[in-house]
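# Fold and geometry: a report
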Amino acid sequence: MDLTYTPEEEEFRAGLRQWLKGALPSLPAKPSPDDWPGRRAYDLGWQRTLYDAGYGDVHWDASPTVRLIFLEETERAGAPYVGANFVGLLHAGPTVAAEGTEEQRARWLPPVLRGEQVWCQGFSEPDAGSDLAALRTRAWRDGDDYVVSGSKIWTSHAEVADWCELLVRTDPAVPRHRGISWLAMPMDAPGITVRPLRTLAGSAEFAEVFLDEVRVPVANRVGDENDGWRVSMVTLSFERGTAFVGEVVACRRVLTELAREARKNGRWDDPVLRRRLGRLNAEFRALWRLTQWNVSEAQASGGVPGVGGSVFKLRYSHARQDLYDAAADVLGPDALDLDRPWTLDRLSALSYTIAAGTSQIQHTIVAERILGLPKGR
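Predicted model, so just to flag it, every value in this text is computed and none were measured. (Residues numbered from 1 in each chain as written. Predicted model: local features only at pLDDT ≥ 70, side-chain atom pairs only at ≥ 80, totals over all residues. Heavy atoms only, no water.)

## Describing the overall build of the protein
Each helix and strand counted, the protein has 11 helices and 8 strands in total. Taking all 377 residues of the protein together, 50% fall into the buried category. Within the protein, contacts between residues separated by at least 24 positions form 74% of all contacts whose residues are at least 6 apart in sequence. Surface summary for the protein: the accessible area is close to 17,500 Å², and the carbon and sulfur share equals 52%. (Helix = DSSP H or I, 4+ residues; strand = E, 2+ residues; numbered from the N terminus. Buried < 20%, exposed > 50% of the residue type's maximum accessible area, 1.4 Å probe, protein only. Contact = heavy atoms within 4.5 Å. Areas by Shrake-Rupley, 256 points an atom, 1.4 Å probe, with all protein chains shown as cover.)

## Digging into the packing of helix α1 (residues 7-23) against helix α3 (residues 64-76)
Direction vectors running N to C along α1 and α3 enclose 30°, while the axes themselves pass 10 Å from each other. The angle between α1 and α3 falls in the class roughly parallel. For α1 against α3, the interelement crossing comes out right-handed. Contacts between α1 and α3 involve Glu9, Phe12, Arg13, Leu16, Arg17 and Leu20 from the first element and Thr65, Val66, Ile69, Phe70, Glu72, Glu73, Thr74 and Arg76 from the second. Among the residues making up the contact of α1 with α3, the classes are represented as 6 nonpolar, 2 polar and 6 charged. (Axes fitted to C-alpha atoms, helices over the stretch in contact; angles between N-to-C directions. Parallel < 35°, antiparallel > 145°, perpendicular 65-115°, else oblique. Left-handed = near helix turned anticlockwise from the far one by under 90°. Nonpolar A, V, L, I, M, F, W, Y, C, P; charged D, E, K, R; others polar.)

## Regarding the packing of aromatic side chains
The geometry of an aromatic ring pair is captured by the separation of the ring centres together with the interplanar angle, meaning the angle of the planes. Per the counting criterion, the structure on display carries 9 aromatic pairs. Through a chain of ring-to-ring contacts, three or more aromatic side chains come together here, namely Phe12, Trp19, Trp46, Tyr55 and Phe70. Sitting over the face of the ring of tyrosine 5, arginine 13 holds its NZ or CZ atom 4.8 Å from the ring centroid. Taking the ring centre of tryptophan 268 as reference, the NZ or CZ of arginine 263 above it sits at 4.1 Å. (Phe/Tyr/Trp six-rings, centres within 6.5 Å; stacked < 30°, edge-to-face > 60°. Lys NZ or Arg CZ within 6 Å of the ring centre and 35° of its normal.)

Below, the structure written as structure tokens:
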């Protein structure tokens, strides 16, 4: 498979680099991590800046390779991450672009691209654990609406979101994978209660969401009724396929900084640590190549990442934890100081083997869909 870039793609890269040099110095100061209304405004402002410069639609109107270049270059330049726009730009938006009707695309995509609306993800549930198909949030038809009752957990950015990509059970009588539908739910609808959750690192970027007979128009369903499992697999393919591209670039940068810090504080004299950092360097280089391979495959198959994203997500989740464990070795006793670089990152890295599908789920996907092993009973 050809992993080189075309002249047109390299031209896009050069133009983006030049634009970033001029745009980044004029950005306002970042708000406090705990100021989610401020972070929402900051993230939406950056998205509007991208939109005005012609880069707003790169997450779904551009080819997968151009998206890869965009995420790589913005991360290397230190540009703001998508932040509160994560679900809208990298999950819900691409899903609506791939699966929505023309009317739905015209309704929901432009506000996300212009930096006007934030989406959250309502997939996980307290009683379903890692078994997404076990969800019990119920939706029944009442005229032109679905009436939805249930609860969701780990709902990213729910406290500042305008819309929610929501999985609901529309037919409990059929096998569980076949009775699910994908809805776009307005977060200001009556009957919605949001309760923020605080992480081990002290942040609160997701929440519990309680739904008490919330009315959602049938017109807000993406895909057919009871076809939500297939649509959600499209969402998760984006989440596991290209959504972590910028983070791989960031991890490679952190690795360089760790080596620099180790040379400065004397830890570089430890041959075991040097071997560990060398192995991590090889691992992240391999993950970057795997990312390029997945993107090339997606480009060849119409733009939607394939199950290779599960291979990437599985290995990246553990490599990220290994990276910040190595950071603790480099820092020594300072690794307990929450004000030091990489300490909070080490805490947040623990979530990566759970977020976007647990490592156990990824092992099952790889075994059944890539290796062709028989399904467990």
